[in-house]
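For reference, the chains in residue letters:
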Amino acid sequence: MSRTTLPGADRTAARRVAVASALGTTVEYYDFTLYATTAALVFDHVFFPSVNDAVGTLAAFSTFFVGYLARPLGGVVFGHFGDRLGRKTVLVTTLLLMGLGTFCIGLLPSYDTTGIAAPILLVLIRLIQGLGMGGEYGGGVLMALEYAPRERQGLYTSLVHIGTPAGVLLPVGLVSVLSATMSETSFDAWGWRIPFLASIVLVGLGLYLRFTLSESPEFRKLRADREVRKIPLRGLADGHLGSVGCSIIAKIAESGLFNVYYVVALAYATDELGVGKQPVLIAILIACALECLALPLFGALSDRVGRRLVYVGGALFQALLIVPFFLLVQTRDPVLITLAMTLGLAIGHGAMYGAQGALFANLYPVALRYTGLSVSQQVGATLGGGLSPLLGTALITAFDGSPTGVCLYAVGVVLLSGVCTLALRRGDHRPLRWRPGGAPTAAE
């Protein structure tokens, strides 16, 4: 079967794989986003009540970063087994680690109940979740990519990425409803636990869908041809270090600015500007809903004009946006805050994330792909998304409540990531040209 055409049955299978992978990504980001939201809103006094508000928020974001620290190790471990045993087996394991970890956080006692044991248990669960997340992303993207025709890989992998804004939409939606319908005392005491416990529903659905999938066709062929590498990481180190290094840096801006728009801006608006939780959470909800629609558009565009072009375009847009973004937030106007979030998440981040899956995955041959993609993604996400809440909060404090330092950080990482993206020629493709009245073909 040609990799550029898919018969009807195979198109249906490819769509099912994309949906199942998107649900896994939803669980993945539901876990991390829910933690980020509650860390910004309540964890400073649930698990770290003996310090002042600013230090408590930093402590809560530090445990958020712990989950990111475990992601590169999870990427190496699960990437190895994904390239050795197959994508499907690993995806079931990682989903269980992340989903059950989230459920357990909902059962954790507070600091007032058990003292120092509460934050210690929180850190341990975050480490386990980070390991699972480190292996989840790569497998989900590769299942979609390896079922898709090459000229539609941008579109199919962008469908998997819908799980990221959806994974923000669901927990933020739950937190918004709960915070609006409960007293602040009740929400801080026990209401925040409900979204954590509810995650078990997503985990069950995700496991059901994943057990119904077949292994990816490219890995089945690799195994049939006896080309599976014994130690994929060694193969990665032998000839692909340049791709790994550049993709890690290219990832930093995408991951880091996502958490600037969401986590840092949420804490800044509520703590520094005195904006109520509700209008900011609603703004994030609307922006994430629109990003769900924008991602496949940017993915399809990357198939047409080239993945690097779309990725760098999204990065440069964010460099220009970051100052107006905070100016809009500073108005305290819910409509303008929503506009800021939409421009940042749906347009800026959406462009980069829509093109990213196919761009990064195609840097590596099939035998090394799970390991290569997982390492570059998870190290980049740790340096970007993991550090940006800590850096953003610290910079706002250092600049006496001003977001100036955050803006400088954002412009710096965007420019650096853009330059490294231009070096990723191997992951791009020949864009399509259109015959009048005919099907698309690869440009000569």
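Here the structure is a predicted model, which is why all the values come from computation and not from measurement.

Trainee: Where do I start with the overall build of the protein in this structure?
Mentor: Scanning the protein for helices and strands turns up 19 helices and 2 strands. Taken across its 444 residues, the protein has 60% of its residues classed as buried. Here the protein displays about 16,300 Å² of accessible surface, and carbon together with sulfur accounts for 69% of that area.

Trainee: Explain helix α7 (residues 153-161) to me, please; I cannot follow it from the model alone.
Mentor: Within α7, 7 of the 9 residues are buried, which leaves it mostly tucked inside the rest of the structure. Within the span of α7, buried status applies to Q153, G154, Y156, T157, S158, V160 and H161.

Trainee: Explain unusual backbone geometry here, please?
Mentor: Trans is the prevailing form of peptide bonds, just as negative phi is the prevailing case for residues other than glycine. A positive phi angle is found at R226, which is not glycine, with a value near 55°. Tracing the chain through its elements places R226 in the loop between α11 (217-224) and α12 (232-239). R226 gets classed as exposed once you look at its relative accessible area, which sits at 78%. Positive phi outside glycine occurs at R332, with the angle close to 65°. Along the polypeptide, R332 turns up in the loop between α15 (307-330) and α16 (334-361). On the basis of relative accessible area, R332 is assigned to the partly exposed category, the value being 45%.

Trainee: Any chance you could explain a nonpolar patch on the surface here in plain terms?
Mentor: Together, I116, I120, L121, L124 and L127 give the surface a local cluster of nonpolar side chains, amounting to about 440 Å² of exposed area. The residue L121 is located in helix α6 (residues 117-147) in this model.

Trainee: Explanation requested: the pattern of salt bridges in the structure shown.
Mentor: Taken as a whole and assessed by the stated rule, the structure comprises 8 salt bridges. The partner of E218 in a salt bridge is R369, with the nearest N and O atoms 3.0 Å apart. Note that E218 is positioned in helix α11 and R369 in helix α17 (residues 369-386), a separation of 151 residues in sequence. Per residue, the accessibility class of E218 equals that of R369, and both read buried.

Trainee: What am I meant to see in the environment of Y364 here?
Mentor: Position of Y364 among the secondary structure elements: in the loop between α16 and α17. Put simply, Y364 and V244 are 120 residues apart on the chain and 9.3 Å apart in space, counted from C-alpha to C-alpha.

Trainee: What should I look at first to understand the nonpolar core in this one?
Mentor: Among soluble globular proteins, nonpolar side chains are generally buried collectively. If you look at the biggest cluster of nonpolar residues, it comprises 121 residues, and the most contacted ones within it are F43, W192, I284, F325 and M341. Apart from the residues lying within four places of it in its own chain, the contact partners of M341 are Y261, A265, V280, A283, I284, A287, F325 and A346.

Trainee: Would you mind going over the side chain of S376 with me for this structure?
Mentor: You can see S376 is positioned in helix α17. A relative accessible area of 0% places S376 in the buried class. Among the polar contacts listed, one links the side chain of S376 to the backbone oxygen of G372, at a separation of 3.0 Å. Among the polar contacts made by the side chain of S376, one reaches the main-chain carbonyl oxygen of L373 at a distance of 3.1 Å. Residues contacting S376, with those up to four places away along its chain left out, are V244, S247, I248, K251 and Y364.

Trainee: Sorry if this is basic, but what is going on with the packing of helix α9 (residues 184-191) against helix α10 (residues 193-211) here?
Mentor: When two helices pack together, you describe them by how their axes are tilted relative to each other and by the distance separating the axes. The geometry of α9 relative to α10 is characterised by a closest axis approach of 7 Å and an angle of 40° between their N-to-C directions. When the interaxial angle is binned, α9 and α10 end up oblique. On α10, the residues that touch A189, W190 and G191 of α9 are R193, I194 and P195. Tallied by class, residues from the contact of α9 with α10 come to 4 nonpolar, 1 polar and 1 charged.

Trainee: What's the story with the packing of aromatic side chains in this structure? I'm lost.
Mentor: Both the distance between ring centres and the angle between the ring planes are used here to describe each pair of aromatic rings. Under the counting rule described, the total for this entry stands at 5 aromatic pairs. Considering the side-chain rings of Y311 and F360, the 5.9 Å spacing of their centres and the 50° angle between planes classify their relative orientation as tilted. Of this pair, Y311 sits in helix α15 while F360 sits in helix α16, and the two are 49 residues apart along the sequence. When its relative accessible area of 0% is taken as the criterion, F360 is described as buried.

Trainee: Any chance you could explain the environment of G385 here in plain terms?
Mentor: Topologically, G385 is positioned in helix α17. In this structure G385 comes out as buried when scored by relative accessible area, which is 0%. Sequence separation of G385 and L257 is 128 residues, and the distance between their C-alpha atoms is 7.2 Å.

Trainee: Can you walk me through the confidence of the model for the protein in this structure?
Mentor: Note that predicted coordinates carrying low pLDDT should not be read in detail. When the pLDDT values of the protein are averaged, the result is 84; 90% of them are 70 or greater. Of all the helices and strands in the protein, strand β1 (residues 432-434) carries the lowest mean pLDDT, 45, while α15 carries the highest, 96. Below pLDDT 50 for its whole length, residues 1-9 participates in 20 contacts with residues either more than four positions away or in separate chains. The model gives residues 432-444 a pLDDT under 50, and that stretch makes 23 contacts with residues more than four places away or in other chains.

Trainee: How do you make sense of the environment of L241 when you look at a structure like this?
Mentor: Along the chain, the position of L241 falls in helix α13 (residues 241-272). It is 9.3 Å that separates the C-alpha atoms of L241 and G372, two residues lying 131 residues apart in sequence.

Trainee: Could you clarify how one ought to interpret the side chain of H240 in this entry?
Mentor: Topologically, H240 is positioned in the loop between α12 and α13. Under the relative-accessibility criterion, H240 is labelled buried at 13%. Among residues more than four places away in sequence, those in contact with H240 are G235, L363, Y364, P365, L368 and R426.

Trainee: Would you take a moment to explain the state of the cysteines for this structure?
Mentor: Joining two cysteines, a disulfide is a covalent bond between their sulfur atoms. Counted under the stated rule, the structure contains 0 disulfides. Not engaged in a disulfide, the cysteine C288 finds its nearest cysteine sulfur in C292; these two sulfurs lie 7.1 Å apart.

Cut-offs and rules
- Residues numbered from 1 in each chain as written.
- Predicted model: local features only at pLDDT ≥ 70, side-chain atom pairs only at ≥ 80, totals over all residues.
- Heavy atoms only, no water.
- Helix = DSSP H or I, 4+ residues; strand = E, 2+ residues; numbered from the N terminus.
- Buried < 20%, exposed > 50% of the residue type's maximum accessible area, 1.4 Å probe, protein only.
- Areas by Shrake-Rupley, 256 points an atom, 1.4 Å probe, with all protein chains shown as cover.
- Patch = residues over 30% accessible without salt bridge, like charges linked within 9 Å, V, L, I, M, F, W, Y side chains within 5 Å.
- Salt bridge = Lys/Arg side-chain N within 4 Å of Asp/Glu carboxyl O.
- Core = buried A, V, L, I, M, F, W, Y, C linked by side-chain atoms within 4.5 Å.
- Contact = heavy atoms within 4.5 Å.
- Polar contact = N/O pair within 3.5 Å; in protein donor to acceptor, adjacent residues only side chain to side chain.
- Axes fitted to C-alpha atoms, helices over the stretch in contact; angles between N-to-C directions.
- Parallel < 35°, antiparallel > 145°, perpendicular 65-115°, else oblique.
- Nonpolar A, V, L, I, M, F, W, Y, C, P; charged D, E, K, R; others polar.
- Phe/Tyr/Trp six-rings, centres within 6.5 Å; stacked < 30°, edge-to-face > 60°.
- pLDDT = per-residue confidence, 0-100.
- Disulfide = S-S within 2.5 Å.

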